[in-house]
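Working through the structure, step by step
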Amino acid sequence: MTPPAPRQLHLNLFIYPGGHHEAAWRYPGTELDRIVDIDHYRDLARRAEAATFDGIFFADGPSLADNVRYAARFRLEPLTWLAAIAGATERIGLIATASTTYTEPYNLARLFASLDHVSRGRAGWNIVTTGAPEAAANFGLDAHPVHAERYERAREFVDVVTRLWDSWEDGALVADPVSGLFADTDRVHPVEHKGRHLSVRGPLNLPRGPQGRPVYVQAGSSEDGRGFAAAWAEAVFTAHQTLANAQEFYGDLKRRVRAAGRDPEQVLILPGISPFIGSTETEARALHEEFNELTQPAYSLALLHRFLGVRFEESDLDRPVPREVIETGGERGISSRFQVVLDIIDREKPTVRQLLHRLAGARGHRVVTGTPEQVADEIQEWFENGAADGFNIMPPWLGGGFDVFADEVVPILRRRGLFRTEYTGTTLRDHYGLPRPVSQFAEREPEPSPAPVSLPVS
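Just so you know, these numbers come straight off a predicted model, no measurement behind them.

The secondary structure content of the protein chain amounts to 14 helices and 13 strands. Scaling as 2.2 N^0.38, a compact globule of 458 residues should have a C-alpha radius of gyration of about 23 Å, and the protein chain matches this with 22 Å. With the principal axes as the frame, the protein chain shows a C-alpha extent of 75 × 55 × 45 Å. A burial count over the protein chain gives 55% of its 458 residues as buried. Of the accessible surface of the protein chain, which amounts to about 19,900 Å², a share of 51% is contributed by carbon and sulfur atoms.

So this is what it looks like as structure tokens:
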């Protein structure tokens, strides 16, 4: 019997304008003049593809950050962005964020199905419920829906979108000029959904994509988020500061997936990691400190208020964070990122300034500072000890922050047998080791359905 192939890391490049450190745009090495240049992002995607990364990932939110005065926190619409990148790449996955609270399922299903066709099977949907209350007024709402209501809508939303993507069975597109049959309408199904939040007739107005459905990615670690991930997610983006916390999340979510009747090996857990890399540990720490010296308290304190709901002044910077003034109940208390920040305060007892610097690098994701070998060691430790199936790499600045990881860390991971040296598939599902799902409308027959017809891409 052939032994099973060794487990392999999954790596995504998480792209943020300028980089993930809040002061990246002020760092001399950042390619600031290219921050809205699509060729800049095509170049980054090609470099990530050359390093055989699973995917690139763009976050999004449907409102302008109130702290854009001090940081590069605008949003380019990710599906437009990724469609432009699809033509400049061949293999790398293309993952975009879209909100279940502030989009409609039919439009979202069309957009992602189109991206899957355009990219020949490389689309992934990062499913979010949107935590920014400012978004409500952009969509004619008087108030942002509460956490539980957003997740209730999300569950109904994903069910409807799944049925839309399944509404054309494999083989429904016949395209046979001899018989004159273009589509087998017996294999094209209405959705006919009427629920509490949504009403959608269907079917979708284009055939099933190369992956059947885009890969379902989810980014929430609250109790509601974990339950949602167990039911739907195929990859989970998460934030953890310690190995122990990451192991707890990993074990809990895998157990929930199994209890939901799904295969835990087909749900990948991918924490974020932001590496500051130097030829020595001292050099790497100096680089990290150089970035932290560029932070602006007006921005950092506003971010901390968003996380904790407490306003601190610049006069408070060198005082310990007063744990007793932080309210742990209500909406904020069930936020996963709130809990990450609270754990830092409880564990490290930082001053306000120290806490701001801890969050400046990656907004609560793990910041690693060291040599290429030390960064690879930490990745390997988490991967081999039940904390991660891979990572979202969050470069502090772009593009040099990614280049040093690709040039110095990836070769170490390959030498250790942890990461691929070449792609073995063409779709994001291939890279993640996920099966192509069968349409839920298809009758289960002994013989497989005909292979889908690939639409031509110009």
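What follows deals with helix 10 (residues 336–348). The end-to-end C-alpha separation of helix 10 is 19 Å, in line with the 18 Å expected for 13 residues at 1.5 Å each. Restricting attention to buried positions, one finds in helix 10 the residues Phe338, Val340, Val341, Leu342, Ile344 and Ile345.

This paragraph deals with the side chain of His147. Mapped onto the elements, His147 comes out in helix 4 (residues 147–166). Within the local environment of His147, its side chain forms a polar contact with the side chain of Ser222, the two groups lying 3.5 Å apart. At a separation of 3.4 Å, a polar atom in the side chain of His147 contacts the side chain of Asp224.

This brings us to the packing of aromatic side chains. Enumeration according to the criterion identifies 22 aromatic pairs in this entry. A ring pair is formed by Phe112 and Trp125, whose centres lie 6.0 Å apart and whose planes are at 40°; its orientation type is tilted. One end of the pair, Phe112, is in helix 3 (residues 105–118); the other, Trp125, is in strand 4 (residues 123–128), and 13 residues separate them in sequence. Residue Trp125 is classed as buried on the basis of its relative accessible area of 0%. Ring geometry for Phe276 against Phe291: centres 5.3 Å apart, planes inclined by 75°, an arrangement best described as edge-to-face.

This brings us to the pattern of salt bridges. When the charged atoms of two side chains lie near each other, side chains of opposite charge can form a pair. For the coordinates displayed, the defined rule picks out 32 salt bridges. Arg256 is the partner of Glu223 in a salt bridge, and the nearest nitrogen-oxygen pair spans 3.1 Å. Note that Glu223 is positioned in helix 5 (residues 223–232) and Arg256 in helix 6 (residues 243–259), a separation of 33 residues in sequence. For Arg285, the salt bridge identified is with Glu281, shortest N-O distance 2.8 Å. Taken as a pair, Arg285 and Glu281 lie in helix 7 (residues 281–293) at a separation of four residues, close to a single helical turn. Accessibility expressed as a relative area gives 33% for Glu281, which makes it partly exposed.

Along the chain, the position of Leu303 falls in helix 8 (residues 297–308). Sequence-wise, Leu303 and Arg363 are 60 residues apart; in three dimensions their C-alpha atoms are separated by 8.6 Å.

In this section: the side chain of Thr371. Position of Thr371 relative to the elements: it lies in the loop between strand 12 (366–370) and helix 12 (372–384). Not counting chain neighbours up to four residues away, the residues in contact with Thr371 comprise Ile277, Gly278, Ser279, Thr280 and Glu281.

Moving on to the confidence of the model for the protein chain. Confidence in the prediction of the protein chain, expressed as mean pLDDT, is 92, and 94% of residues score 70 or more. Low confidence marks residues 444–450, where pLDDT is under 50. Its contacts with residues over four positions away, or in another chain, come to seven contacts.

About the cut-offs
Residues numbered from 1 in each chain as written. Predicted model: local features only at pLDDT ≥ 70, side-chain atom pairs only at ≥ 80, totals over all residues. Heavy atoms only, no water. Helix = DSSP H or I, 4+ residues; strand = E, 2+ residues; numbered from the N terminus. Rg over C-alpha atoms; globule rule 2.2 N^0.38 Å. Buried < 20%, exposed > 50% of the residue type's maximum accessible area, 1.4 Å probe, protein only. Areas by Shrake-Rupley, 256 points an atom, 1.4 Å probe, with all protein chains shown as cover. Expected span 1.5 Å × (residues − 1). Polar contact = N/O pair within 3.5 Å; in protein donor to acceptor, adjacent residues only side chain to side chain. Phe/Tyr/Trp six-rings, centres within 6.5 Å; stacked < 30°, edge-to-face > 60°. Salt bridge = Lys/Arg side-chain N within 4 Å of Asp/Glu carboxyl O. Contact = heavy atoms within 4.5 Å. pLDDT = per-residue confidence, 0-100.

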